[in-house]
Amino acid sequence: MKFVFYANTDWYLYNFRLSTALRLKSEGHDVVMLSPPGEYGERFESHGLRWIQLASMDRASLNPLREAATIRDLTRVLKHERPDLLHNFTVKCAIYGAIAARAAGVPAVVNAVAGMGYVFSSERMLARSLRPIVKLLMRGTLGGKGTRLILQNPDDADAFVRARLVPQQQIRVIRSSGVNLERFLPVDPYAEARPLRVLLAARLLWEKGIGEYIESARLLRAQGRTIEFVIAGSPDPGNPRSVSREQAESWVAEGLVDWRGHVEDMPALMRSMDVIALPSYYREGVPKSLIEAAACGLAVITTNLPGCREVVSEHGVDGLHVEPRCARSLAECIAQLDDDRLLMRRLGECARAKAMEHFDEQMVIRRTIEVYDELLPARAGRRGHAAAA
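Keep in mind that this is a model prediction, so the values were computed, not measured. (Residues numbered from 1 in each chain as written. Predicted model: local features only at pLDDT ≥ 70, side-chain atom pairs only at ≥ 80, totals over all residues. Heavy atoms only, no water.)

> Please give an account of the overall build of the chain that cites residues and values.
Along its length, the chain carries 15 helices and 13 strands. Relative to the compact-globule value of 21 Å for 389 residues, the chain shows a C-alpha radius of gyration of 21 Å, a close match. A buried classification covers 56% of the 389 residues belonging to the chain. Put simply, of all contacts in the chain between residues at least 6 apart along the chain, 70% involve residues at least 24 apart. Accessible surface for the chain amounts to roughly 16900 Å². Of this, 51% is attributable to carbon and sulfur atoms. (Helix = DSSP H or I, 4+ residues; strand = E, 2+ residues; numbered from the N terminus. Rg over C-alpha atoms; globule rule 2.2 N^0.38 Å. Buried < 20%, exposed > 50% of the residue type's maximum accessible area, 1.4 Å probe, protein only. Contact = heavy atoms within 4.5 Å. Areas by Shrake-Rupley, 256 points an atom, 1.4 Å probe, with all protein chains shown as cover.)

Next comes the structure, spelled out in structure tokens:
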């Protein structure tokens, strides 16, 4: 069978969905990756996967003519490729993919929404004005025949059902996109005394709590503490709430943070850290950086909000909760771990155990393919026959 994976960046497909594509390929299926142009797309060829560039798509665009052109071009691609199943990622791709799939006669569509994104998380006027339009589009496209919606946490599932966006029977909750437990291994214990190392790994969006993270660094430095603050991640020009490169460089110049930008080898970086902090007030799915850090046995500090609470469900047991938009709360939690390294290690051990139980990438892939099988009974029948043989 043929599968098309459609996302708003090639970076997302490569870093979050490559393993699922390779599993399908190993079973003999044809998998096509579809996204706007980017620097990651060419890497698919080395894995034996085709990549199609959707040049007309700009994920930040609000121009009706450009959006119509994107849907037209997407429909042409799907008519040419004739996939058995289209898997769309993010809200915009889910809506456009569902519309194009109907026009192209694609029999099965899976939509994956990891977090509600800028339109639903921001209270800025632009986001509020777009919200009813996006809800109307979601209600009209995501719940059609032959479709499933994958969400990453129960809070989002409840929100979709309450808003009557998608019927409950078509929603499946799969917690996170998974973490490779063979790559993200526990940190090695260190014998010598050294400053606490704290990491924030995310796109540089204000809603991720970047401002609070920087302010907590200022507060703790004023207390005379020597704590190393690190940020891994780049600005996101496609998001109106992105931190600018100039702003990030000013924090470095102030001596508050070590900004690494995009980091290729995240397992190595995380194994050199002690704590991960993500004081997000964004409507997250399940943050990838938190489950990767949990797999490495780092102590996790985050907010008790949808998505984040999937990783830290109980304050003081599998991590620490901070108040959203409160730098002082974050500083207090970091100081607590700076003073109590035994607590830090205990939280890290609990985080690793939770990652192994709930966020194993192989389990996530298996559950995702089970959703495919709901919509492709012929594929499920062949798999069952092969297993019996």
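Once the structure has been displayed, the description carries forward.
> Could you give an account of the sheet that holds strand β7 (residues 171-173), with specific residues and numbers?
Pairing within the open sheet is parallel, and its seven strands lie in the order β3-β2-β1-β4-β5-β6-β7. Unpaired on one side and paired on the other, β3 (50-53) and β7 mark the two borders of the sheet. If you compare each strand with its neighbour and ignore which way they point, the axes differ by 20° on average. Of the pairings in the sheet, the one linking strand β4 (residues 85-89) to strand β5 (residues 108-113) comprises five bridges and is parallel in character. By the bridge assignment for β5, L86 is matched with V109. Contacting β1 (2-6), β4 and β5, helix α4 (residues 91-104) crosses the sheet at an angle of about 155° to β4. (Pairing = 2+ DSSP bridges. Axes fitted to C-alpha atoms, helices over the stretch in contact; angles between N-to-C directions.)

> Residue-level account of empty space enclosed by the protein, with values.
Overall, the coordinates contain one cavity of 30 Å³ or more when judged by the stated rule. Empty space within the largest cavity amounts to approximately 40 Å³. Lining the largest cavity we find F16, R17, S19, T20, S177, E361, V364 and I365. Looking at the lining of the largest cavity, the elements that each hand over two or more residues are α2 (18-26) and α14 (361-375). Looking at the lining of the largest cavity element by element, the count peaks at three residues for α14. Along the lines of polarity and charge, the residues of the lining of the largest cavity split into three nonpolar, three polar and two charged. (1 Å grid on protein atoms, 1.4 Å probe; cavity = no way out; pocket = protein on both sides within 12 Å on 5 of 7 lines; lining within 4 Å. Points joined across faces, edges and corners; volume = space filled by probe spheres on them. Nonpolar A, V, L, I, M, F, W, Y, C, P; charged D, E, K, R; others polar.)

> Which residues make up the environment of H29, and what values go with them?
When you line up the elements, H29 lands in the loop between α2 and β2 (30-35). The exposure class assigned to H29 is buried, which follows from its relative accessible area of 11%. With 27 residues separating them along the chain, H29 and K2 place their C-alpha atoms 5.9 Å apart. From its side chain, H29 meets the backbone nitrogen of M1 in a polar contact 3.2 Å long. (Polar contact = N/O pair within 3.5 Å; in protein donor to acceptor, adjacent residues only side chain to side chain.)

> Before we move on, could you go through the packing of helix α3 (residues 64-81) against α4 and cite the residues and values that matter?
Between α3 and α4, the shortest axis-to-axis distance is 8 Å and the interhelical angle comes to 50°. Looking at the two axes, α3 sits oblique to α4. Judged by the sense of rotation from one axis to the other, the crossing of α3 with α4 is right-handed. Contact residues: E67, T70, I71, L74, T75, L78 and K79 in α3; K92, Y96, G97, I99, A100, A101, A103 and A104 in α4. (Parallel < 35°, antiparallel > 145°, perpendicular 65-115°, else oblique. Left-handed = near helix turned anticlockwise from the far one by under 90°.)

> Go over the state of the cysteines, please, and point to the residues and values.
Considering all chains together, one arrives at zero disulfides under this definition. Here C308 is not disulfide-linked; the sulfur of C333 is the nearest cysteine sulfur, at 14 Å. (Disulfide = S-S within 2.5 Å.)

> Quick rundown of the packing of aromatic side chains? Include the residues and the values.
Overall, the coordinates contain nine aromatic pairs when judged by the stated rule. Pairing F3 with Y372 gives two aromatic rings, centres 5.4 Å apart and planes at 40°, and the pair type is tilted. Of this pair, F3 sits in strand β1 while Y372 sits in helix α14, and the two are 369 residues apart along the sequence. As far as burial versus exposure is concerned, F3 and Y372 are alike and both buried. (Phe/Tyr/Trp six-rings, centres within 6.5 Å; stacked < 30°, edge-to-face > 60°.)

> Before we move on, could you go through unusual backbone geometry and cite the residues and values that matter?
Backbone geometry at R82 places phi at a positive 50°, although glycine is not the residue there. Here R82 lies in the loop between α3 and β4. Residue classification places R82 among the exposed residues on the basis of a relative accessible area of 70%. Positioned with a positive phi, S176 is a non-glycine residue whose angle comes to about 85°. Mapping S176 onto the fold places it in the loop between β7 and β8 (196-201).

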